[in-house]
Amino acid sequence: MTFQEKSQAFTLKASDALAIHWAIHTKPLPQLVKTSAGVFSLEPNKYGNASVLLQSPSCRFVGANPKKDSAYGKKMRAGGSVTLINPGSGKGWENRCVVLESRMPGGATTITKNNTNLVLDDSIMEPLLPRNDPSRVLSIEEAEQQQDMAVPVMKKARGHGKAVTHVERAKSGRAACKICEAKISQSNLRFGIEYNYKGAAAVKWAHASCLVETMENHEKAEFREWKMAFEMSALDELEGWNGLQNDEREQLCKLFGVSCLSSGGAGNKQYSEVTIVD
């Protein structure tokens, strides 16, 4: 395997690339991997595999995250092995990378991506690392059928940070309202807005009254710092609605100016529909 950037060329043997790729995905994870260039340490990560840093050529092998809701995450959860090679020492999934994939740890491996500005000399790797060999890599369809659903997935946020998705009583008084910035007292009603944080879904919280005011006045100057109008469907579709008491539901319906259609006897009210009134 040859990396070439500008006038400087670096060479890595295909057998060494394979040894590192397989070691990263071995269970239990070894501490060291032996190559023709020497012995290298494996740096364990929080999602069960590792990374390996080489000095010459300067590059880092990184195992894919099996918890991420992505094509590579699905393949990892299904038992496949995916390794990214970053030029330099970075650990993240960068735009410039080479990707090695195999159907299983220690299995026949192929290169499925090379979007670096480095030159990869395929002739050096044949026949150990052929390019895009479908027999050596799990397809997305296969991965979706085989993946272990017990592994938690890093869920992507809904609504691009605009969707109101949760309602609940505050579990503590530590969280601050993202609109007025004041603390939300414990047991007070609050609404959650999902947003993306490092590729996963997180929730920011707001007072019910602040949220209503912002939704009604988002075009006014004092609210423009949010640069958005929040989106919310029926109240009874929010996560946590069913855990509220009837008087709390009635309080929110009144606050939002919505009609609460109910059925059942007094003291056992069950909302079958809650709609926003224009």
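Everything below is about the structure shown above.
Residues numbered from 1 in each chain as written. Predicted model: local features only at pLDDT ≥ 70, side-chain atom pairs only at ≥ 80, totals over all residues. Heavy atoms only, no water.

1. Some thoughts on the sheet that holds strand 5 (residues 43-44)
Spatially, six strands are ordered 5-6-7-8-9-10 in an open sheet, and the strand pairing comes out antiparallel. Only two strands of the sheet have a single neighbouring strand rather than two, namely strand 5 and strand 10 (109-114). In terms of strand pairing, strand 6 (residues 50-54) meets strand 7 (residues 59-63) through four bridges, oriented antiparallel. Among the inter-strand pairings, valine 52 is bridged to a residue of strand 7, identified as phenylalanine 61. (Pairing = 2+ DSSP bridges. Helix = DSSP H or I, 4+ residues; strand = E, 2+ residues; numbered from the N terminus.)

2. Description of the environment of leucine 100
Relative to the helices and strands, leucine 100 is located in strand 9 (residues 98-102). Assessed through its relative accessible area of 0%, leucine 100 is described here as buried. Along the backbone, leucine 100 and glycine 63 are 37 residues apart, and their C-alpha atoms lie at a distance of 9.6 Å. Discounting chain neighbours no more than four positions away, the residues touching leucine 100 are Ala17, His21, Phe61, Ser81, Val82, Thr83, Ile85, Thr109, Thr110 and Ile111. (Buried < 20%, exposed > 50% of the residue type's maximum accessible area, 1.4 Å probe, protein only. Contact = heavy atoms within 4.5 Å.)

3. Here we look at unusual backbone geometry
Cis peptide bonds are those with omega within 30 degrees of zero, and the linkage from lysine 27 to proline 28 qualifies with -5°. Mapped onto the elements of the fold, proline 28 is located in the loop between helix 1 (14-24) and strand 3 (32-35). Here glutamate 181, not a glycine, exhibits a phi torsion of approximately 70°, which is positive. Positionally, glutamate 181 belongs in the loop between strand 11 (164-169) and strand 12 (189-197). Of note in the backbone geometry, serine 187 takes a positive phi value of approximately 75° without being a glycine. Structurally, the position occupied by serine 187 is in the loop between strand 11 and strand 12.

4. Thoughts on helix 1
Of all eleven residues in helix 1, eight are buried; the element is thus mostly enclosed. Those residues of helix 1 that sit buried are Ala14, Asp16, Ala17, Leu18, Ile20, His21, Ala23 and Ile24.

5. With respect to the nonpolar core
In this structure, Val167, Phe191, Leu235, Trp241, Leu252 and Phe256 are the most contacted members of the largest nonpolar core, which totals 23 residues. Every element with two or more residues in this core is listed here: strand 11, strand 12, strand 13 (200-207), helix 5 (208-217) and helix 6 (246-256). Here the element with the most residues in this core is helix 5; it accounts for four residues. Leave out the neighbours within four places in its chain, and leucine 252 touches Val167, Leu189, Phe191, Ala208, Leu235, Trp241 and Leu244. Listed in part, the 20 residues of the second largest apolar core include Ile20, Ile24, Leu42 and Val98. (Core = buried A, V, L, I, M, F, W, Y, C linked by side-chain atoms within 4.5 Å.)

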